[in-house]
Amino acid sequence: MHYSSHSSCYTDKYIPEDDRPSTAICLKATAGLRRLPDIDQRFLISSVHEHFGGSEYLFLPSDTAVIPGHEEALYDYMAVMVAMDDASMGVLDMGGASK
């Protein structure tokens, strides 16, 4: 699977080898995957499980899921709060694939 292989190469560059077994991989798919038929979603999630399940990182299949829009928005908001260190900020996500 091209994208997950690329992801692990990217993480390997920044996470020391000794820290990898305690570094959790948590993948949440958003609007683009929500638009796919269930069978395609399950295939992609299964492929991710197969790839990362054999990696040296801490990976639990239950940490991979297609999430609903309200959960996606919460993660957006939390990311901005951490990056800006300002709880008074707002977030407006204009993603085009949400339904």
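Residues numbered from 1 in each chain as written. Predicted model: local features only at pLDDT ≥ 70, side-chain atom pairs only at ≥ 80, totals over all residues. Heavy atoms only, no water.

1. Considering the packing of aromatic side chains
For step 1, the next point in the chain: According to the stated counting rule, one finds two aromatic pairs in the structure shown.
For step 2, the next point in the chain: Summarising the aromatic geometry, the rings of Phe-52 and Phe-59 are spaced 5.9 Å apart at their centres and angled 35° between planes, so their arrangement reads as tilted.
For step 3, the next point in the chain: A relative accessible area of 9% places Phe-59 in the buried class. (Phe/Tyr/Trp six-rings, centres within 6.5 Å; stacked < 30°, edge-to-face > 60°. Buried < 20%, exposed > 50% of the residue type's maximum accessible area, 1.4 Å probe, protein only.)

2. Comments concerning helix H4 (residues 69-84)
For step 1, the next point in the chain: An ideal rise of 1.5 Å per residue puts 22 Å on 16 residues; H4 measures up with 22 Å between its terminal C-alpha atoms.
For step 2, the next point in the chain: Just downstream of H4, Asp-85 is the residue with a positive phi angle, here 50°. (Helix = DSSP H or I, 4+ residues; strand = E, 2+ residues; numbered from the N terminus. Expected span 1.5 Å × (residues − 1).)

3. Looking at the pattern of salt bridges
Side chains that differ in sign of charge can pair as their charged atoms come close.
For step 1, the next point in the chain: Using the criterion set out here, one finds three salt bridges in the structure.
For step 2, the next point in the chain: Residues Asp-12 and Arg-20 are paired through a salt bridge, measuring 3.8 Å at the closest nitrogen-oxygen approach.
For step 3, the next point in the chain: Judged by relative accessible area, which is 29%, Asp-12 ranks as partly exposed.
For step 4, the next point in the chain: By relative accessible area, Arg-20 is classed as buried at 10%.
For step 5, the next point in the chain: Residues Arg-20 and Glu-56 are paired through a salt bridge, measuring 3.1 Å at the closest nitrogen-oxygen approach. Residue Arg-20 is found in the loop between helix H1 (2-14) and strand E1 (24-29), and its partner Glu-56 is found in the loop between helix H3 (38-53) and strand E2 (58-66); the two are separated by 36 residues along the sequence. (Salt bridge = Lys/Arg side-chain N within 4 Å of Asp/Glu carboxyl O.)

4. Focus: the side chain of Thr-11
For step 1, the next point in the chain: Take Thr-11: it is sitting in helix H1.
For step 2, the next point in the chain: Separated by 3.2 Å, the side chains of Thr-11 and Tyr-57 make a polar contact. (Polar contact = N/O pair within 3.5 Å; in protein donor to acceptor, adjacent residues only side chain to side chain.)

5. Remarks on a nonpolar patch on the surface
For step 1, the next point in the chain: Residues Leu-74, Tyr-75, Tyr-77, Met-78 and Val-91 make up a contiguous nonpolar surface patch of about 440 Å² in total accessible area.
For step 2, the next point in the chain: Position of Tyr-75 relative to the elements: it lies in helix H4. (Patch = residues over 30% accessible without salt bridge, like charges linked within 9 Å, V, L, I, M, F, W, Y side chains within 5 Å. Areas by Shrake-Rupley, 256 points an atom, 1.4 Å probe, with all protein chains shown as cover.)

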